[in-house]
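Working through the structure, step by step
Now for the letters of each chain:
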Amino acid sequence: MASTVWKGYITFGLITIPIRLFTAARTERVSFNQIHGVCGSRIKQQTFCPHCDRVVERNELVKGYEAEKNQYVIINDEDIKNVAPTSSDNMEIVEFVKADGIDPIYFDASYFMVPEEAGKKAYHLLLETMRKSGYSAIAKIAMHQREYTVVVRPHADGLLLHTMFYPEEVREVPEFRRDDNVNVKPQEVALAEKLVEGLAADFDPSKYHDEYQGRLMQKIGRASCRERV
């Protein structure tokens, strides 16, 4: 059974809906441990201080923010705890915006929003209203000692929630820009459109697989069989 990552209420106006959030997607990658090739044991990482020229124990470590090159401001755990937002069980919708007006570049993690039994009717009322109107909701939530701006949008099976990057987290790359000095001829566009139409299809995510991870698991399987022989 999936684990709940947040439990609380989504509110707007006089409507309050009890909900739970479940992780909708996560990256799956084959991971490896570092092994000592001589004896087959897993190695342990050590923290080394080049200034003191010795291994440092964990109880000697503190957090430092690099204010200038090689100049650090030390911040202790209590300082961080005092400014961290307190997790809340309330998610307040602050506005509704047209879904096609949200740039997907701001989307981060995705969650399924599932109603509690007492909130099913209000949940489906919100879901159907958002479907028909074409609006998504922008809300605020505090969880895991961090404040998030999120977008809630209708999906075929219910409401989805996406945490969002803040504008300062979206990188600016000068090279990524429209070049108005490049001229494209109408006949070139027409040819490109024909190529697009030739590859056009309905989106079906089941057609796409991580072939590299599959090949890697086959290699691991064969290596494991060799070791057992």
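The rules behind each value
- Residues numbered from 1 in each chain as written.
- Predicted model: local features only at pLDDT ≥ 70, side-chain atom pairs only at ≥ 80, totals over all residues.
- Heavy atoms only, no water.
- Helix = DSSP H or I, 4+ residues; strand = E, 2+ residues; numbered from the N terminus.
- Rg over C-alpha atoms; globule rule 2.2 N^0.38 Å.
- Buried < 20%, exposed > 50% of the residue type's maximum accessible area, 1.4 Å probe, protein only.
- Contact = heavy atoms within 4.5 Å.
- Lys, Arg positive; Asp, Glu negative; His and termini not counted.
- Charge placed at Lys NZ, Arg CZ, Asp CG, Glu CD.
- Pairing = 2+ DSSP bridges.
- Patch = residues over 30% accessible without salt bridge, like charges linked within 9 Å, V, L, I, M, F, W, Y side chains within 5 Å.
- Areas by Shrake-Rupley, 256 points an atom, 1.4 Å probe, with all protein chains shown as cover.
- Salt bridge = Lys/Arg side-chain N within 4 Å of Asp/Glu carboxyl O.
- pLDDT = per-residue confidence, 0-100.

Another aspect to go through is the overall build of the protein chain. Counting its regular elements, the protein chain contains four helices and eleven strands. In terms of C-alpha radius of gyration, the protein chain reaches 25 Å, well past the compact-globule figure of 17 Å for 229 residues. Along the longest, intermediate and shortest principal axes, the C-alpha atoms of the protein chain span 65 × 55 × 55 Å. Taken over 229 residues, the protein chain has a buried fraction of 19%. Residue pairs at least 24 apart in sequence account for 60% of intrachain contacts in the protein chain once pairs closer than 6 positions are excluded. Taking the average location of the 30 positive side-chain charges in the protein chain and that of its 34 negative ones, the two points are 7 Å from each other.

A few words now on the pairing of strand β7 (residues 90-98). On any regular strand, side chains alternate: one points to one face of the sheet, the next to the other face. When strand β1 (residues 4-12) meets β7, the two strands line up parallel, connected through three bridges. Residue Tyr9 lies in a different strand from β7, and its bridge partner there is Asn90. Inspection of the sheet shows β7 paired to strand β9 (residues 135-143) by six bridges, in the antiparallel sense. For Lys98, the partnering residue across the bridge sits in β9 and is Tyr135.

A grouping of Tyr65, Val73, Ile75 and Ile80 is seen on the molecular surface, where their side chains present a nonpolar patch of about 360 Å² in accessible area. The exposed category is assigned to Tyr65, whose relative accessible area is 60%.

As a further point, take the environment of Phe165. As for its position among the elements, Phe165 is in the loop between β11 (158-164) and α3 (186-199). For Phe165, a relative accessible area of 31% translates into the label partly exposed. Here the alpha-carbon distance between Phe165 and Gln71, two residues 94 residues apart in the chain, equals 28 Å. Excluding residues within four positions of it along the chain, Phe165 makes contact with Ile105, Tyr106, Phe107, Asp108 and Val170.

With 98% of its residues at a pLDDT of 70 or more, the protein chain shows a mean pLDDT of 90. The element-level mean pLDDT for the protein chain is lowest in helix α4 (residues 211-228), coming to 82, with β11 highest at 96.

Further remarks concern the pattern of salt bridges. This structure, assessed with the given rule, holds nine salt bridges. Note that Arg29 is salt-bridged to Asp210, the shortest N-O span being 3.6 Å. Of this pair, Arg29 sits in the loop between β2 (15-23) and β3 (47-49) while Asp210 sits in the loop between α3 and α4, and the two are 181 residues apart along the sequence. In this structure, the salt-bridge partner of Glu128 is Arg131, at a minimum N-O distance of 2.6 Å. Of this pair, Glu128 and Arg131 both sit in helix α2 (residues 120-133), separated by three residues, roughly a single helical turn. Relative accessible area serves as the criterion here: at 35%, Arg131 is assigned to the partly exposed category.

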